[in-house]
Amino acid sequence: MMNSMTAAGHARSVRGRVTLALVLLSSVGAFSARDAQAQAQRERRLGGVPRDVALEVTHLFNARTTRRVRGDFALVATDTVRGNLAILNGNARLAGVVTGDVVVLNGDAFLAAEARLEKGLTVLGGTLDAPEHPKVVGEIRVWSARYRYEESGDTLVANTDLLSRFSQWVTDEDEGGTRSQLFVTTAHTYNRVEGLPIFVGPRFRTRSGNTRVRAELFGIFRTGDRLVWNDENLGHRALFEVKQGDKAGFAVGARLFDEVDAMERWQLSDGEVGLATLLFSRDYRDYWERHGTQGYVSLFAGQGHELKVSYGEERWNSRRARDVFRLDDDIALRPNPQGDQGVMRLLTVSGTFDTRSNPRNPLSGWYLRGEYERGNSDALELAPLTAGLGRPDGLARIGLAPTAVSYGRAFFDLRRYNRLGPNAQLNVRAAFGGWMHGDALPVQRRLSVSGIDALPGFDFRRSLGTNDIGTCATGDEAFYVSLGRPAQCERMALLQVEWKGDFRFGLFGDEDEGDRRWQLGRGRADGTWVVFANSGRGWLVNRASGTRSAADVAADPLRFGRNRVPDLGTWRTDIGGGFDFGDFGVYVAQAVSQSGLSPNIYVRLGRRF
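What counts and what doesn't
Throughout, a residue's number is its position along its own chain's written sequence, starting from 1. For this predicted model, a pLDDT threshold of at least 70 governs which residues receive local features, and a threshold of 80 or more governs which side-chain atom pairs are given and counted, while totals over whole chains, interfaces and linings are taken from all residues. Computation of side-chain values: all heavy atoms of the structure, hydrogens and water removed. Paired strands, as defined in this entry, are two strands with at least two bridges between them according to DSSP. Under the scheme used here, helices are H or I runs from DSSP no shorter than 4 residues and strands are E runs no shorter than 2 residues, and both carry numbers assigned from the N terminus. Residue types Ala, Val, Leu, Ile, Met, Phe, Trp, Tyr and Cys, when buried and joined through side-chain atoms within 4.5 Å, form a set referred to as a nonpolar core. A simple rule labels every residue: compare its accessible area, found with a 1.4 Å probe on the protein chains alone, to the largest value its type can have, and call it buried under 20%, exposed over 50%, or partly exposed in between. The contact criterion used is simple: two residues touch if any of their non-hydrogen atoms lie within 4.5 Å. Note on ring pairs: Phe, Tyr and Trp rings are taken, using the six-membered ring of Trp, and paired if centres are within 6.5 Å. Classes follow the plane angle, with under 30 degrees stacked, over 60 edge-to-face and the rest tilted. Whether a charge lies above a ring is judged from NZ of Lys or CZ of Arg, which has to be within 6 Å of the ring centre and within 35 degrees of the ring normal. Patch definition: residues above 30% relative accessible area lacking any salt bridge, with like charges linked at up to 9 Å and the nonpolar side chains Val, Leu, Ile, Met, Phe, Trp and Tyr linked at up to 5 Å. Surface accessibility follows the Shrake-Rupley procedure with a 1.4 Å probe radius. Residue values consider only the protein chains on display as shielding. Basic side-chain nitrogens of Lys or Arg form a salt bridge, by our definition, when they fall within 4 Å of a carboxyl oxygen of Asp or Glu. The disulfide criterion used throughout: a pair of cysteine sulfur atoms within 2.5 Å. One less than the residue count of a helix, multiplied by 1.5 Å, gives the span that helix is expected to have.

Engineer: What is the right way to read the sheet that holds strand β10 (residues 116-117) from this model?
Structural biologist: Note: strands within a sheet are paired through backbone hydrogen bonds, in either parallel or antiparallel orientation. The four strands lie next to each other as β4-β7-β10-β13, forming an open sheet whose pairing is parallel. Each end of this open sheet is capped by a strand with a single partner; those strands are β4 (80-81) and β13 (135-136). Sheet topology note: the strand β7 (residues 97-98)/β10 ladder contains two bridges and is parallel. The partner of V97 across the bridge, within β10, is R116.

So this is what it looks like as structure tokens:
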């Protein structure tokens, strides 16, 4: 997809789980406060917020005359708000007078007996507590469903497209009670190994106070290249979890699985990879099969902080690429690289720290995701890699006895979002990790720095020279291609920075609609311009003691000591720019650390990071 227009993504980073057994949307019309005040104040509407209501409250929030409040708000009996009042992500306690409309978004509203609203009241994502006959002149409307939005500068953008609302209905959880459902859903992205995996089975959820119990039992059918009922197309996944606490607490759970997993998930989203495979016959991931069990314990706080420890035993198997359906089947799919095979025991410690203002469209805050994995196997069959990596080639591997392997691996993804002003951002990302101790990493745990997510100025896993620092491929490129272009590096580091600012473009005037992002049918293309730079590389680890000579380094430029990071002058670097319209972005990137490469133009249906 590089060197040509590329579509790798999915609108609004679709989660990949689609439910055919939806709860029917129930939407009751608003009642006049003077005719049905008692019924309206107790009403709690179910289902997604109607599109017209979401657009209406968004327009009111963005209006220049509206008083906007983020967080909790209290209006005492002696105070008056002249005009409209909008409260976002907070509770409203009103005892005074409001001369305009009142909107409470993702919070509860409380009306005192003396409160007087001279127009209407709308509550989305919360409840209403009011006297039997509230002094509200206009309509009272309450929906329990959350108001879904993004931020563009100082304005809000309602998520009103059908696909986003469909995904939200599926994933929203009940606040109480018990739910038992039969699901027919897809849980992974479309790929060249499985086609479209379909999950079928029951899901059970119940809640009592702050304790929640979740159980799932899914059978997996992989469409592959033929709809055949055989072992290659069948799998399963079972889950049981007990979670204690709302804003903070702990969870204990266990998993039983036979599923296909992807390598290097830190690059690109599921939706981007799936659409690239379906539309352009380009699959940017590699896959292997995992069959086993896992238990875990986690501690969580707020919406984005979690510490998790898991232990499991599972069997790893290679998977072959299949001739799955795609729109352009004249282009051959890349072979799926062989993975190491054998029984693995894995101890994993992971953590997430998230203070972003909005995970889907962050304007400020920190994000850190870290993981340490301790793996060992008594007998692992090693898959072939290119020469000089301590692996047998394709022929020498035949009849080779399995090898005992024990390793430690860590990976970190650190991001900082900085809001420089109402319409500007400076965002920075650092991703790094790999081998920590023990034996060389299995193929499934190796890394690369290549492609449109990491270094878009360089083609995906293209080997440049006999010692490629993006993939750690060595020797003849033809042999590397025949292996399926696997990621071979034991360590990697990547730095990314981007500067963003808002722009507006309207073909038919500048209406104050409030919704500043892409609007089909109105001739508008509002979004942000983006200027970025990326730099990174991968390398192998020299585990032998002692210092390597200059001659050794020249002969093997991919290998560095366990306590060394390659000099920045050896890293690959690119620069670029483009336009981010929220739902998708159009970019161009040019390699600057290596001459002779053409710029790459590409499209992403999601933000860079």
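Engineer: Hey, could you run me through the nonpolar core in this one?
Structural biologist: Nonpolar side chains in soluble globular proteins tend to end up buried together. Core analysis: the largest hydrophobic core is formed by 21 residues, its most contacted members being F73, L85, L94, V102, L111, L117 and L128. Elements with a contribution of two residues or more to this core: β3 (73-75), β5 (85-88), β6 (92-94), β8 (102-105), β9 (109-111), β11 (121-124) and β14 (139-143). Those residues within four positions of V102 in sequence are excluded, and the remaining contacts are L85, L94, L117, G120, L121 and T122. Ranked by size, the runner-up nonpolar core spans 17 residues in total, among them L60, L124, W143 and Y147.

Engineer: Where do I start with the packing of aromatic side chains in this structure?
Structural biologist: The description of an aromatic ring pair rests on the distance of the ring centres and on the angle between the ring planes. Throughout the structure, instances matching the rule amount to twelve aromatic pairs. When the centroid spacing of 6.0 Å and the interplanar angle of 70° are considered together, the rings of F199 and F218 count as edge-to-face. Separated by 19 residues along the polypeptide, F199 in strand β18 (residues 197-208) and F218 in strand β19 (residues 211-222) bring together distant segments of the chain. As far as the burial class goes, F199 and F218 line up, both buried. Within the aromatic cluster, the residues linked to one another by ring pairs are F532, Y587 and Y602. Its guanidinium or amino end placed over the ring of F110, R93 lies 4.4 Å from that ring's centre, counting from NZ or CZ. One cation-aromatic arrangement involves K243 over F300; the distance from NZ or CZ to the ring centre is 4.7 Å.

Engineer: Where do I start with a nonpolar patch on the surface in this structure?
Structural biologist: On the surface, a cluster of nonpolar side chains totalling about 740 Å² of accessible area is made up of F250, V252, V297, L299, L307, V309, Y311, L347 and V349. Secondary structure elements with two or more residues in the nonpolar patch: β21 (248-262), β22 (287-301), β23 (305-318) and β24 (342-354). When residues in the nonpolar patch are grouped by element, the largest group, three residues, is from β23. By the element assignment, V252 lies in strand β21. Take V252: its relative accessible area is 40%, and that puts it in the partly exposed class.

Engineer: Explain the environment of G195 here, please?
Structural biologist: Relative to the helices and strands, G195 resides in the loop between β17 (177-186) and β18. G195 sits in the buried class, given a relative accessible area of 0%. For the pair G195 and D323, spaced 128 residues apart in sequence, the C-alpha to C-alpha distance is 8.7 Å.

Engineer: Would you mind going over the state of the cysteines with me for this structure?
Structural biologist: The bond known as a disulfide is covalent and runs between the sulfur atoms of two cysteines. Summed over the entire model, instances satisfying the criterion amount to one disulfide. Between the sulfur of C472 and that of C489 lies a disulfide, 2.2 Å long from S to S. On the S-S bond that ties C472 to C489, the torsion sits near 105°, and the link is right-handed. One end of the pair, C472, is in the loop between β27 (424-438) and α5 (477-482); the other, C489, is in the loop between α5 and β28 (491-503), with 17 residues separating them in the sequence.

Engineer: When you look at the pairing of strand β25 (residues 365-380) in this model, what are you seeing that I'm missing?
Structural biologist: Both faces of the sheet carry side chains from a regular strand, because those side chains alternate between them. Pairing between β24 and β25: ten bridges, direction antiparallel. Across the sheet, residue R345 finds its bridge partner in β25, namely N376. Where β25 meets strand β26 (residues 403-421), 14 bridges bridge the pair, whose relative direction is antiparallel. In the sheet register, G370 faces β26, and the bridge partner there is F412.

Engineer: Whenever I open this one, helix α2 (residues 51-62) confuses me. Can you help?
Structural biologist: Because each turn of an α-helix spans 3.6 residues, side chains separated by three or four positions end up pointing in the same direction. A rise of 1.5 Å per residue sets the reference length of α2, with its twelve residues, at 16 Å; its end C-alpha atoms lie 16 Å apart and thus fit the reference within 8%. Those residues of α2 not exposed but buried are V53, A54, V57, T58, L60, F61 and N62. Here the buried face of α2 lies against β2 (67-70), β5, β8, β11, β14 and β16 (155-158).

Engineer: I would appreciate a short explanation of the sheet that holds β9 in the present structure.
Structural biologist: Taking strand neighbours across the sheet as the criterion, the four strands line up as β3-β6-β9-β12 in an open arrangement whose pairing is parallel. Edge positions in the open sheet fall to β3 and β12 (128-129), since each of these has one partner strand only. Where β6 meets β9, three bridges bridge the pair, whose relative direction is parallel. Pairing of R93 across the sheet is with F110, part of β9.

Engineer: Would you take a moment to explain the pattern of salt bridges for this structure?
Structural biologist: Close approach of charged atoms lets side chains of opposite charge pair. Applying the stated criterion to the full structure yields 40 salt bridges. In this structure, the salt-bridge partner of D270 is R265, at a minimum N-O distance of 3.2 Å. For D413, the salt bridge is made with R429, and the minimal N-O distance between the two is 3.0 Å. Remark: R429 occurs in strand β27 and D413 occurs in strand β26; sequence separation between them is 16 residues. Residue class for R429 comes out buried when judged on its relative accessible area of 2%.

Engineer: What should I look at first to understand helix α4 (residues 270-280) in this one?
Structural biologist: Those residues of α4 that sit buried are G271, E272, V273, G274, A276 and T277. Contact partners of the buried residues in α4: β22 and β33 (600-604). In the stretch just after α4, S281 is the one whose phi turns positive, near 55°.

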